[in-house]
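Spelled out from the first residue to the last, the chains are:
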Amino acid sequence: MDTQSLSQLYQSYRRLPHGKERADAIRSAITQADLQQDHFWRFHMRDDLMIELAFHGDEGSILPIITELTAIYEEHPIEDAEEDYVYALYLCINQWACHPQLPLSQLDAMMERYKKAVYQYSLGDKSYYERCWETAVMQEKWELAEISYQKMLHPKFPDTSDCAACTCYSKVDYFLRTKQKAKALEAAKPVLDGSITCEQEPNRMLSHFLEFALDYETNEEATRWANLLRLHLAQNEYDNAMLRWLAYNDMPKALCMLESGITEVWGEWDQDSVFQLCTSAWVVCLQYSKQSAEPAALTLPQTFPLWQENELYEMDTLAAFFHAQAQKIAQAFDTRNDSHNYRTQLDNADHLGKIENERKIQ
């Protein structure tokens, strides 16, 4: 197979819809490029697979791909691929948010490697400092997070991504994770008013505001954000925050989305995504049990540990299972990070349910 044929494989998989079919086609193309030892295509096809999985698959599975991609570049520098190489290191840092078993000592070493590449190629210091504040927040190092956030706002070099909507989201993400909602709302205006959008926005931003309302505010405020987000989601399309909101407001739809979420996320390498699913699923089960003592009819994949052939599930049993799974993942992340971040998320998951319980007591 010659270079022209590899180019044809590239063109072929680029025409496929995002998802498993496209990812599998890229893997097949990589096999052919490896057989030919065509380093240009070996690098760029892995870059395509990395991005496909990061944004349309299991982000937790991309670490081996990044390892191969960066090794190819370092051994066989690809012309005009510096930006892709630096961006791969940017995505690599997020693997510590996916895998609690990765030690922080390795994260520190990877951050140094990332910083070196940024300054070597004069590329992407904005994204580098974004990763700095994210890792600081993960470890609840708030002063360091603020210093890194301010540096992110004043980059010296061109960035590896020129998406204005994603830059806007990064600011909103910082303010919501540091509980500065007024500043988050101000930063969000260009996306919320429709001035700028992208493949991920406004869905990701609306989901983040909904999550904040569910964790700290009222059902009325959560409903406002949920109604905005619903306009952008396909029927039963899984969204972690929306699933939690549905648990309090529309149980039939919550059960349908729970099916979608388990089918999509269960078994992923990305343990943060599994944690978010288990947390929201636990809330669904809690709210269902308040409304009915009957088993719930759910169509779940046979790979799910509590799969039932008759498709009937005792929700108290599911609630205990999901809570135990969420606790296990939370403990793993928080122990490594020496923080309470995930336990706080789990404690806040049924915030609206606690408010309702307090009203009933009064």
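Chemist: Just give me the short version of the overall build of the protein, but keep the residues and values in it.
Modeler: Regarding its fold elements, the protein presents 18 helices and two strands. For the protein, the spread of C-alpha atoms along the principal axes amounts to about 70 × 50 × 40 Å. Here the protein holds 362 residues, and the buried ones make up 50% of them. Taking all contacts inside the protein whose residues are at least 6 apart in sequence as the whole, residues at least 24 apart take part in 63%. Counting only carbon and sulfur atoms, one obtains 50% of the accessible surface of the protein, whose full area is about 17,500 Å². The protein carries 33 positive and 57 negative side-chain charges, and their two centres are separated by 4 Å.

Chemist: I'd like a rundown of the environment of Cys-278, residues and numbers included.
Modeler: Along the polypeptide, Cys-278 turns up in helix H15 (residues 271–291). With a relative accessible area of 0%, Cys-278 lands in the buried category. Linking Cys-278 and Thr-160, residues 118 residues apart in sequence, is a C-alpha distance of 33 Å.

Chemist: Account for the packing of aromatic side chains, naming residues and giving values.
Modeler: One pass over the full model with this rule turns up 24 aromatic pairs. Note on Trp-266 and Phe-321: the rings are 5.7 Å apart at their centroids and 45° apart in plane angle, and the pair reads as tilted. Here the residue Trp-266 occupies a position in the loop between helix H14 (251–265) and H15, and Phe-321 occupies one in helix H16 (residues 315–337), the gap between them amounting to 55 residues. As far as the burial class goes, Trp-266 and Phe-321 line up, both buried. The interplanar angle of 65° and the centroid separation of 5.5 Å between the aromatic rings of Phe-321 and Phe-322 together place this pair among those described as edge-to-face. Each member of the pair, Phe-321 together with Phe-322, is buried. Through a chain of ring-to-ring contacts, three or more aromatic side chains come together here, namely Tyr-10, Tyr-13, Phe-40 and Trp-41. Sitting above the plane of the Tyr-90 ring, Arg-131 keeps its charged end 3.8 Å from the centroid. Against the face of Trp-225 rests Arg-224, its NZ or CZ located 4.6 Å from the ring centre.

Chemist: I'd like to hear about the side chain of Glu-59, residue by residue, with values.
Modeler: Inspection of the secondary structure puts Glu-59 in the loop between helix H3 (39–56) and helix H4 (63–75). Here Glu-59 is buried and forms no salt bridge, its nearest opposite-charge partner Arg-131 lying at an N-O distance of 5.2 Å. What Glu-59 contacts, discounting residues up to four positions off in sequence, is Leu-53, Ala-54, Asn-94, Gln-95, Cys-98 and Asp-270.

Rules behind the numbers
- Residues numbered from 1 in each chain as written.
- Predicted model: local features only at pLDDT ≥ 70, side-chain atom pairs only at ≥ 80, totals over all residues.
- Heavy atoms only, no water.
- Helix = DSSP H or I, 4+ residues; strand = E, 2+ residues; numbered from the N terminus.
- Buried < 20%, exposed > 50% of the residue type's maximum accessible area, 1.4 Å probe, protein only.
- Contact = heavy atoms within 4.5 Å.
- Areas by Shrake-Rupley, 256 points an atom, 1.4 Å probe, with all protein chains shown as cover.
- Lys, Arg positive; Asp, Glu negative; His and termini not counted.
- Charge placed at Lys NZ, Arg CZ, Asp CG, Glu CD.
- Phe/Tyr/Trp six-rings, centres within 6.5 Å; stacked < 30°, edge-to-face > 60°.
- Lys NZ or Arg CZ within 6 Å of the ring centre and 35° of its normal.
- Salt bridge = Lys/Arg side-chain N within 4 Å of Asp/Glu carboxyl O.

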